[in-house]
Amino acid sequence: MKDEVIVLSRNESFTYEYQGSRFRLEPRGWYPRENEYEITGIVTESEKLYLPDTYNGKPITRWDMQEKETPLATVRFLFVPASIADITISNRFFPNLERIEVASDSPKLSTDGQMLFSADGKELLYSLAAGNQERVVVPNTVRKIAKERSDMLRVQIFHLKILMYLWRRMLLIRVNGLRSRKITV
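The next thing to look at is the overall build of the protein chain. Counting its secondary structure elements, the protein chain contains two helices and 15 strands. Looking at the protein chain residue by residue over its 185 residues, the buried ones come to 39%. Long-range pairs, those at least 24 residues apart, make up 39% of the contacts in the protein chain between residues at least 6 apart in sequence. About 11,300 Å² of surface is accessible on the protein chain, with carbon and sulfur atoms providing 51% of the total.

Turning next to the sheet that holds strand β12 (residues 123-127). Reading across the sheet, the four strands line up as β10-β11-β12-β14 and stay open at both edges, with mixed pairing between neighbours. Only two strands of the sheet have a single neighbouring strand rather than two, namely β10 (109-111) and β14 (144-145). As defined by bridge partners, β10 adjoins strand β11 (residues 115-118) across three bridges and the pair is classed as antiparallel. Bridge pairing in β11 places Thr111 opposite Leu116.

Let us now look at the sheet that holds strand β9 (residues 99-102). Strand order across the open sheet formed by three strands is β4-β7-β9, with parallel pairing between neighbours. The open sheet has two edge strands, β4 (48-50) and β9, and neither has a second partner. Along the sheet, successive strands turn relative to each other by an average axial angle of 15 degrees, direction set aside. Bridge count between β4 and strand β7 (residues 77-80): three bridges; the pairing is parallel. Bridged to Lys48 within β7 is Phe77.

This part takes up unusual backbone geometry. Backbone geometry at Gln19 places phi at a positive 45 degrees, although glycine is not the residue there. Note on placement: Gln19 falls in the loop between β1 (14-18) and β2 (21-27). The exposed category is assigned to Gln19, whose relative accessible area is 51%. Of note, Asn56 is a non-glycine position whose phi angle comes to about 50 degrees, a positive value.

Another point: the pattern of salt bridges. Enumeration over the complete set of coordinates arrives at five salt bridges. Arg62 is paired through a salt bridge with Glu38; the nearest N and O atoms lie 3.3 Å apart. Linking Arg62 in strand β6 (residues 58-64) with Glu38 in strand β3 (residues 37-43), this pair joins segments that are 24 residues apart in sequence. Comparing Arg62 with Glu38 shows no difference in burial state: the two are buried. Since its relative accessible area comes to 16%, Arg62 is described here as buried. A single network of salt bridges, built from pairs that share partners, joins Glu38, Arg62, Asp64 and Asp86.

Right, let's get into the nonpolar core. Counting 30 residues, the largest nonpolar core has Ile39, Ile42, Leu49, Leu51, Trp63 and Phe94 as its most contacted members. When contributions to this core are tallied by element, the ones reaching two or more residues are β2, β3, β6, β7, β9 and β12. Ranked by residue count, the leading element in this core is β3, at three residues. Those residues in contact with Leu49 that lie beyond four places of it in its chain are Ser21, Phe23, Ile42, Thr44, Leu72, Val75, Phe77, Leu78, Phe79 and Phe94. Met115, Leu124, Val138 and Val142 belong to the second largest nonpolar core, which has five residues in total.

Turning our eyes to something else, we now look at the side chain of Glu26. Here Glu26 is to be found in strand β2. For Glu26, the side chain forms a polar contact with the side chain of Ser13, separated by 2.8 Å. In terms of polar contacts, Glu26 uses its side chain to reach the side chain of Thr40, at 3.4 Å.

Cut-off values and rules
Residues numbered from 1 in each chain as written. Predicted model: local features only at pLDDT ≥ 70, side-chain atom pairs only at ≥ 80, totals over all residues. Heavy atoms only, no water. Helix = DSSP H or I, 4+ residues; strand = E, 2+ residues; numbered from the N terminus. Buried < 20%, exposed > 50% of the residue type's maximum accessible area, 1.4 Å probe, protein only. Contact = heavy atoms within 4.5 Å. Areas by Shrake-Rupley, 256 points an atom, 1.4 Å probe, with all protein chains shown as cover. Pairing = 2+ DSSP bridges. Axes fitted to C-alpha atoms, helices over the stretch in contact; angles between N-to-C directions. Salt bridge = Lys/Arg side-chain N within 4 Å of Asp/Glu carboxyl O. Core = buried A, V, L, I, M, F, W, Y, C linked by side-chain atoms within 4.5 Å. Polar contact = N/O pair within 3.5 Å; in protein donor to acceptor, adjacent residues only side chain to side chain.

What follows is the structure in structure tokens.
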């Protein structure tokens, strides 16, 4: 592994080596008594990236990488353990990612191999569309694209049912709004 510096964002940050990759971990939240960690940086040259689920017996429950982090161009496969419940990452971190896998017992996340969703499939959290995919079809179960990621996703084709649903909803709101206004002359 070539030497790279992981810039620490808080005094509590430290580097943890796991399955050939280095992870910057921080206590979750601002109070160390919470007994949880979050991933805030990764350095790897591996094609397969397995996120750790615990550190010293304490769960790693969040993955939050800021835009300033270096993209992981070698990674083609990503495994997310069941302990990760909250993810905030940019698509630009994985320009060559081909497959995402989530632990089958994950209570918060699901995947179709190409996109990362909330467990119920209603929120799109991450898509390979910005990496090596020319286009992607979002399943009709999706009702929300996570706000933090919406400007990062280059989803080119949406499922027609989603667009029609949103268009009808917007039209109904506008029509109902006009009906409820009384205009007096």
